[in-house]
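Single-letter residue listing:
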Amino acid sequence: MQSRNWKRIVIKVGSALIAPNNSGCSSHYLLSIAQFIVRVRSMGIDVVLVSSGSVAAGAHLFPNDTKSNIATKKAMAAAGQTEMMSTWDKLFDFPTAQILLTHGDLRDRERYVSIKDTIFTLLDNGILPILNENDTVTTDKLKVGDNDNLSAMIASAADADVLLICSDVDGLYDKNPHTHDDAKLLSLVSNIDESIYAMAGSATSDVGTGGMKTKIQAAEKAVSHGIDTFILNGFSELPFNMLLQGKNPGTHFKPHETPMQEHLHWMTHTSSAEGEVVVGDSFDSPLDAQSKELTSEEILAVNGNFSVGDTILVRKDDGTKLAKAKSNYSSCLLSFIAGQNDKKFANALQHRTGPIISDKNIALLEEQ
Ligand code: GLU
């Protein structure tokens, strides 16, 4: 493994490994993961853990309630999180630290940078950061919703070289291995496209939130940041031993050779668009979005409320998504300029205020 020159690994562990029977935490499946973490750290490689399990760990404390009640689920998360942290903490003789966050935190650039700083400071001091979504405070609008995608966002934020996503199967199969005996394991995925998503089907775990689909979404996010990503079987010791021997333990998703710049990756994969600018056909190719300056005349509509510095979506009238970008204008000022009949006045105003979007702050979108 040292031969691969990895410096930082993010490991995502799901609820089914931590609280397998919805009856509190068990260290049964965590032992081999913990041993792997200890070995890797002793080689001088940083480890960041993204651990699910708060809801599953807390469920047994609410015998008369079900997870379908949102308030109860949040209470389960609050109670289960401490049990989950203490289970991990007991497995290590070095300190661990808890970071609970929401998508609302990650998509705010200032808070995102603050989270990065905290992770790096913990690592510099030999402390193992353990992250989870803060399920107690999240709302639909503010949550990532699954820890597979969260782990990819964290891997990017932590500048990791590797993302290991633990699953209950050996990796990505061309068919559901639980129902098809002839399902074949894919050892290498070089390009994540629709055919790869089709293999994931809609398989989900009984205990956690994610399934194979969210693992592929996570891999897509991570590889575009240049991060080697593996889906492996977290229920067995073997994949971790294989990793230590420098072998592929499951499905390896090959990282892009030219990773996206950090702030463009964040804009594409982590931040949410606060509003959108609908552009006319004169601005129709995604390439234009980067090479040409957007002028007020090309704007058909400005939707949503956004401030200077917010991420916006640039799309065509027919819904085609062209790019995500940082707006140098508020929605209010942009609507005012775009709505001017006196184009000379609008152009003069825009000229004075500067480009609506700078070419350094625009990320083209592949999906249409
Ligand atoms: N944050 C959730 C929990 O700790 C898990 C989300 C997931 O399963 O991906 O229970």
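The structure contained in this document is the topic of the report that follows. Nothing here was measured: the structure is a model prediction, and the numbers come from that model. (Residues numbered from 1 in each chain as written. Predicted model: local features only at pLDDT ≥ 70, side-chain atom pairs only at ≥ 80, totals over all residues. Heavy atoms only, no water.)

Another point: the pattern of salt bridges. On inspection of all chains with the given rule, the structure shows 10 salt bridges. With a closest N to O distance of 3.3 Å, Glu-262 and Lys-116 form a salt bridge. Of the two residues, Glu-262 sits in helix α11 (residues 262–270) while Lys-116 sits in helix α6 (residues 109–124), which places them 146 residues apart along the sequence. Residue Asp-140 pairs with Lys-143 through a salt bridge whose shortest N-O separation is 3.4 Å. Overall, Asp-140 belongs to the exposed group, its relative accessible area being 68%. (Salt bridge = Lys/Arg side-chain N within 4 Å of Asp/Glu carboxyl O. Helix = DSSP H or I, 4+ residues; strand = E, 2+ residues; numbered from the N terminus. Buried < 20%, exposed > 50% of the residue type's maximum accessible area, 1.4 Å probe, protein only.)

What follows deals with the packing of helix α13 (residues 331–338) against helix α14 (residues 343–353). Where α13 contacts α14, the two axes come as close as 9 Å, and the packing angle between them is 145°. Facing Leu-333, Phe-336, Ile-337 and Ala-338 of α13, the residues of α14 in contact are Lys-343, Phe-345, Ala-346, Leu-349, Gln-350 and Thr-353. In the contact of α13 with α14, the residues fall into 7 nonpolar, 2 polar and 1 charged. (Axes fitted to C-alpha atoms, helices over the stretch in contact; angles between N-to-C directions. Contact = heavy atoms within 4.5 Å. Nonpolar A, V, L, I, M, F, W, Y, C, P; charged D, E, K, R; others polar.)

In terms of backbone geometry, most residues other than glycine have negative phi values and most peptide bonds are trans. The backbone of Asp-159 shows a phi angle near 50°, a positive value even though the residue is not glycine. On the accessibility criterion, Asp-159 (37% relative accessible area) is partly exposed.

Before going further, it helps to spend a moment on the sheet that holds strand β11 (residues 311–316). To summarise the sheet geometry, strands pair through backbone hydrogen bonds and adopt either a parallel or an antiparallel arrangement. Pairing is mixed in the open sheet, where 5 strands are placed in the order β10-β9-β11-β12-β13. Bordering the open sheet on either side are β10 (299–304) and β13 (362–364), each of which pairs with just one other strand. Mean inter-strand twist for the sheet, computed between neighbouring axes without regard to direction, equals 20°. Examined bridge by bridge, β11 and strand β12 (residues 321–326) share 5 bridges and lie antiparallel to one another. Considered in β12, the bridge of Leu-313 is made with Lys-324. (Pairing = 2+ DSSP bridges.)

Our focus in this paragraph is α13. Those residues of α13 that fall on the buried side of the exposure criterion are Ser-331, Leu-334, Ile-337 and Ala-338. Projected down its long axis, α13 carries its buried residues within an arc of 130°, all on one side. Buried-residue contacts for α13 involve β9 (275–279), β10 and α14. (Arc of directions from axis to C-beta.)

Bringing the nonpolar core into the picture now. By size, the foremost hydrophobic cluster in this structure holds 48 residues, and its most contacted members are Leu-106, Ile-119, Ile-154 and Ile-192. Those elements that provide at least two residues to this core are β2 (46–51), β3 (96–101), α6, α7 (147–157), β5 (162–167), α8 (194–200), α9 (212–223) and α11. Here Ile-192 is in contact with Tyr-197, Ile-216, Ala-219, Glu-220, Val-223 and Phe-253, once residues within four sequence places are set aside. In terms of nonpolar packing, the next biggest core, distinct from the first, is built from 30 residues, Leu-17, Phe-94, Phe-240 and Leu-244 among them. (Core = buried A, V, L, I, M, F, W, Y, C linked by side-chain atoms within 4.5 Å.)

Judged by pairing direction, the sheet is mixed, and its 8 strands sit side by side in the order β3-β4-β2-β1-β5-β7-β8-β6 without closing on themselves. Strands with a single pairing partner mark the edges of an open sheet, and in this sheet they are β3 and β6 (188–189). Pairing of β2 with strand β4 (residues 128–133) involves 2 bridges; the strand directions are parallel. Directly across from Leu-49, in β4, lies its bridge partner Ile-130. The strands that helix α4 (residues 70–90) touches are β1 (8–13), β2, β3 and β4; relative to β3, the one it contacts most, it runs at about 150°.

Scanning the entire structure with this criterion turns up 7 aromatic pairs. Arranged with centres 6.2 Å apart and planes meeting at 5°, the rings of Trp-88 and Phe-92 form a pair that is stacked. Taking NZ or CZ as reference, Arg-41 lies 3.6 Å from the ring centre of Phe-94, over its face. A cation over a ring is seen here: Arg-109 above Trp-266, with NZ or CZ 4.9 Å from the ring centre. (Phe/Tyr/Trp six-rings, centres within 6.5 Å; stacked < 30°, edge-to-face > 60°. Lys NZ or Arg CZ within 6 Å of the ring centre and 35° of its normal.)

What follows concerns the side chain of His-265. Tracing the chain through its elements places His-265 in helix α11. Looking at His-265, the relative accessible area reads 2%, which means it is buried. A polar side-chain atom of His-265 sits 3.2 Å from a polar atom in the side chain of Ser-224. (Polar contact = N/O pair within 3.5 Å; in protein donor to acceptor, adjacent residues only side chain to side chain.)

Quick look at a negative patch on the surface now. Where like charges cluster on the molecular surface, the negative patch consists of Asp-193, Glu-194, Glu-220 and Glu-366. Mapped onto the secondary structure, Glu-366 falls in the segment after β13. (Patch = residues over 30% accessible without salt bridge, like charges linked within 9 Å, V, L, I, M, F, W, Y side chains within 5 Å. Areas by Shrake-Rupley, 256 points an atom, 1.4 Å probe, with all protein chains shown as cover. Lys, Arg positive; Asp, Glu negative; His and termini not counted. Charge placed at Lys NZ, Arg CZ, Asp CG, Glu CD.)

For Ala-78, the position within the fold is in helix α4. Taking the C-alpha atoms as reference points, Ala-78 and Ala-57, 21 residues apart in sequence, are found 9.8 Å from one another.

Turning our attention to the pairing of β4. Judged by how many residues are buried, β4 sits mostly within the fold: 6 of 6 residues are covered. By the alternation rule, side chains of β4 split into Leu-128, Ile-130 and Asn-132 and Pro-129, Leu-131 and Glu-133, which are all buried. Inspection of the sheet shows β3 paired to β4 by 6 bridges, in the parallel sense. Its bridge partner lying in β4, Thr-96 is registered against Leu-128.

With that settled, the discussion passes to the packing of α7 against α9. Between two packed helices, what matters for the description is the angle formed by their axes and the separation of those axes. The contact between α7 and α9 brings their axes to 8 Å, and the two run at 10°. By the criterion of interaxial angle, the relationship of α7 to α9 is roughly parallel. Here Asp-148, Asn-149, Ala-152 and Met-153 of α7 lie close against α9, whose contacting residues are Thr-214, Lys-215, Gln-217, Ala-218, Lys-221 and Ala-222. Across the contact of α7 with α9, the residue classes tally to 4 nonpolar, 3 polar and 3 charged. (Parallel < 35°, antiparallel > 145°, perpendicular 65-115°, else oblique.)

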